[in-house]
Amino acid sequence: MAIIRKLLPFDRDKVKNMISFLGNDEAEQFVKRLLNTSCDLFHYWLPLNLKFKSESYVLVDGDDLHGMISVLPTIGNHQRINITKLLFKKDYYDIGKQLIEFVIARYGAKGAQTFVASIDESHDELLKLFIDGCGFRKCADEELYRVDNSGFISNDIHGFRQFRNSDAQAVAMLFNDSLITHFKPSMLKTKNEYYSRFFKGLADNVEWQYVLEDENLHTLLAYFSIKTYDGHNYVLDITSSTGFTLNYDNVIGFVKQEITKRSKQYSLFVKLKKYVSNSNDLAEYLQGNKFNCVQTQMILVKDFYKLIKQESPTSEVVLFAETGGVFKVRS
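Calculation notes
Counting starts from 1 at the beginning of each chain's written sequence and moves along it residue by residue. Given that this is a predicted model, residues contribute local features only at a pLDDT of at least 70 and side-chain atom pairs are listed and counted only at 80 or more, while totals for whole chains, interfaces and linings are drawn from all residues. Neither water nor hydrogens contribute to the side-chain values; these are computed over all heavy atoms in the structure. The axes are straight lines fitted to the C-alpha atoms, using for helices just the contacting stretch, and the angles between their N-to-C directions are given from 0 to 180°. Strands are runs of DSSP state E lasting at least 2 residues, helices are runs of H or I lasting at least 4, and numbering of each runs from the N terminus. Each angle is binned into one of four classes, with values under 35 degrees roughly parallel, values over 145 roughly antiparallel, values of 65 to 115 roughly perpendicular, and all other values oblique. We call two residues in contact when some of their heavy atoms are within 4.5 Å. Ten residues, namely Ala, Val, Leu, Ile, Met, Phe, Trp, Tyr, Cys and Pro, are considered nonpolar, four, namely Asp, Glu, Lys and Arg, are considered charged, and the remaining ones, Gly among them, are considered polar. Whenever Lys or Arg places a side-chain nitrogen within 4 Å of a carboxyl oxygen from Asp or Glu, that contact is recorded as a salt bridge. Using a 1.4 Å probe on the protein chains alone, a residue whose accessible area is under 20% of its type maximum counts as buried, one over 50% counts as exposed, and one in between counts as partly exposed. Strands are labelled as partners when DSSP assigns at least two bridges between them. A crossover counts as right-handed when, viewed with the strands pointing away from the observer, the path leading from the first strand over the helix to the second turns clockwise. Per residue, pLDDT measures the predictor's confidence, with a range of 0 to 100. By definition, any crossing whose near helix is turned counterclockwise from its far helix by less than a right angle is left-handed, and any crossing with a clockwise turn is right-handed. Two rings belonging to Phe, Tyr or Trp (six-membered ring only in the last case) form a pair when the distance between their centres is within 6.5 Å. Interplanar angles under 30 degrees mark stacking, angles over 60 mark edge-to-face geometry, and anything in between is tilted. Placement of a charge over a ring requires the Lys NZ or Arg CZ to be within 6 Å of the ring centre, with the centre-to-atom vector within 35 degrees of the ring normal. A helix is expected to span 1.5 Å multiplied by its residue count minus one.

Chemist: Help me out: how do you make sense of the packing of helix α8 (residues 248-260) against helix α9 (residues 279-288) in this one?
Modeler: Between α8 and α9, the least distance of the axes is 11 Å, while the angle of their chain directions is 70°. Looking at the two axes, α8 sits roughly perpendicular to α9. Along the contact surface, α8 presents Y248, D249 and I252, while α9 presents D281, L282 and Y285. Counted by class, the contact of α8 with α9 contains four nonpolar, no polar and two charged residues.

Shown next as structure tokens:
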């Protein structure tokens, strides 16, 4: 009989076999990071508002593992659950439905109200599974641009400083004010989502936060974070005031200096949030510098939970996963 249970360490080989198409090294790294972040059994017992790591579940039938799903609560807003990984045999979309339905029911019962997944726009069947099969709706788009590693030495770092928790309210207002109006109901953030937590080093990713401040007026002009899942791929996320023209050369130069303090070999990506009012300015800058857009993601949202009708399975593997801030979909 098929059951859904927590991912356990002895599932390593079964998961690795399902993603063998990635190649031995990449599959091994995927499984290693998955187990490191998802097999803390103590974490499963924490109440929803205290969770800070990924949790993964597998669908098994006897000794056979047919699929896996991972979720990560939004730190500071645990009513918002991110679906970060989904793995199942190709054409077995009922397995994917069962796993999605399971986490929606499980975390919905604990108080979660919103479920989010970011899917590569090129994967039509996976989008159909989430939208048509599971009741998600398309909310917004994001793009990732790879930064050329040459140049961008920042000689002007005046006003840049590390983020402090006392900045959280101002940063939340900065982000919310920048949202295009019709995106606000789904994308608004609270100050709690920006707080730096005492267990930060135990989370699935490493994040550094900075602000650009007008020291004369004591107001924040911009906020940016640098996030990495693997210590090699770094994603820069920028939020700036709608009334301020940001010097992106200085920001990227400063960010590269900060990353170089910790890692000599790295890849830097800039996230373009197409749901904020100044996204066109950043898009023109990225395209003007001939940075390569490596991915377009659709942000899918389900604002409520309900049972999903099951279909019969009709084997290849489908994998949707975050890898170093860059999402991969393989089939």
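Once you've had a look at it, read on.
Chemist: Would you explain unusual backbone geometry in this entry?
Modeler: Most peptide bonds are trans, and most residues other than glycine sit at a negative phi. The phi dihedral of K290 is positive, around 60°, even though this residue is not glycine. With respect to the helices, strands and loops of the structure, K290 is situated in the loop between α9 and β12 (292-302).

Chemist: Would you mind going over the pattern of salt bridges with me for this structure?
Modeler: Two side chains bearing opposite charge may form a pair once their charged atoms approach each other closely. The full count for this structure, using the stated rule, is 11 salt bridges. Residue D11 is joined to R5 by a salt bridge in which the shortest nitrogen-to-oxygen separation is 2.9 Å. One salt bridge in this structure joins E143 and K274, with 3.4 Å as the shortest N-O distance. Pair noted here: E143 is in strand β6 (residues 137-146) and K274 is in the loop between β11 (267-273) and α9, with a separation of 131 residues, a long-range link. Classification of E143 as buried rests on a relative accessible area of 11%. Classification of K274 as partly exposed rests on a relative accessible area of 39%. Through salt bridges with shared partners, one network takes in R161, D167 and E213.

Chemist: Where do I start with the pairing of strand β10 (residues 233-240) in this structure?
Modeler: One face of the sheet, then the other: side chains in a regular strand alternate in exactly this way. Within β10, eight of the eight residues are buried, which leaves the element mostly enclosed by the surrounding structure. Residues of β10 alternate between two faces, with N233, V235, D237 and T239 on one and Y234, L236, I238 and S240 on the opposite face, all of them buried. Note: strand β9 (residues 219-228) against β10, seven bridges, orientation antiparallel. Each bridged residue has a counterpart across the sheet, and for K227 the counterpart in β10 is V235. Between β9 and the antiparallel strand that follows it, β10, lie four residues; G231 among them carries a positive phi value of about 75°. Both β10 and β11 contribute to a ladder of five bridges, which runs parallel. Its bridge partner being in β11, L236 is matched across the sheet by V270. Taking the sense of rotation as the criterion, the β-α-β connection linking β10, α8 and β11 turns out right-handed.

Chemist: In this structure, what is going on with the confidence of the model for the protein? I would like to understand it.
Modeler: The predicted structure's coordinates, where accompanied by low pLDDT, should not be read in detail. Model confidence for the protein is summarised by a mean pLDDT of 85, while 85% of its residues fall at 70 or above. Low pLDDT, under 50, characterises residues 305-314; the stretch is placed with 22 contacts to residues that sit more than four places away or in other chains.

Chemist: Teacher, can you tell me more about the environment of V147 here?
Modeler: Tracing the chain through its elements places V147 in the loop between β6 and β7 (160-162). Looking at V147, the relative accessible area reads 4%, which means it is buried. Other than its neighbours up to four places away in sequence, V147 contacts I252, L268, V270 and F291.

Chemist: Explain the packing of helix α4 (residues 93-109) against helix α5 (residues 124-133) to me, please; I cannot follow it from the model alone.
Modeler: Packed helices, taken two at a time, are described by the angle between their axes plus the distance between the axes. Close contact between α4 and α5 brings their axes to 11 Å; oriented N to C, the two are set at 50°. By the criterion of interaxial angle, the relationship of α4 to α5 is oblique. Seen along the crossing, α4 lies across α5 with a hand that is right-handed. Between α4, through Y93, G96, K97 and I100, and α5, the contact on the second element is made entirely by E125, L126, L129, F130 and G133.

Chemist: What should I look at first to understand the packing of aromatic side chains in this one?
Modeler: All chains considered together, the criterion is met by 17 aromatic pairs. Look at Y57 and Y107: their rings are 6.4 Å apart centre to centre, the planes differ by 70°, and that puts the pair in the edge-to-face class. Remark: Y107 occurs in helix α4 and Y57 occurs in strand β2 (residues 55-61); sequence separation between them is 50 residues. Neither residue differs from the other here; Y57 and Y107 are each classed as buried. Every member of this aromatic cluster is reached through a ring pair, and the members are Y44, Y57, F102 and Y107. Over the face of the ring belonging to W208 we find R262, whose NZ or CZ atom lies 3.9 Å from the ring centre.

Chemist: When you look at α4 in this model, what are you seeing that I'm missing?
Modeler: Taking 1.5 Å per residue, 17 residues should reach 24 Å; α4 reaches 24 Å between its end C-alpha atoms and fits that length. Along α4, 12 of the 17 residues are buried, which leaves the element largely enclosed by surrounding structure. Taken as a whole, α4 has its buried residues at Y93, D94, I95, G96, K97, L99, I100, E101, V103, I104, Y107 and G108. Once α4 finishes, G111 follows within two positions and takes phi at roughly 120°, a positive value.

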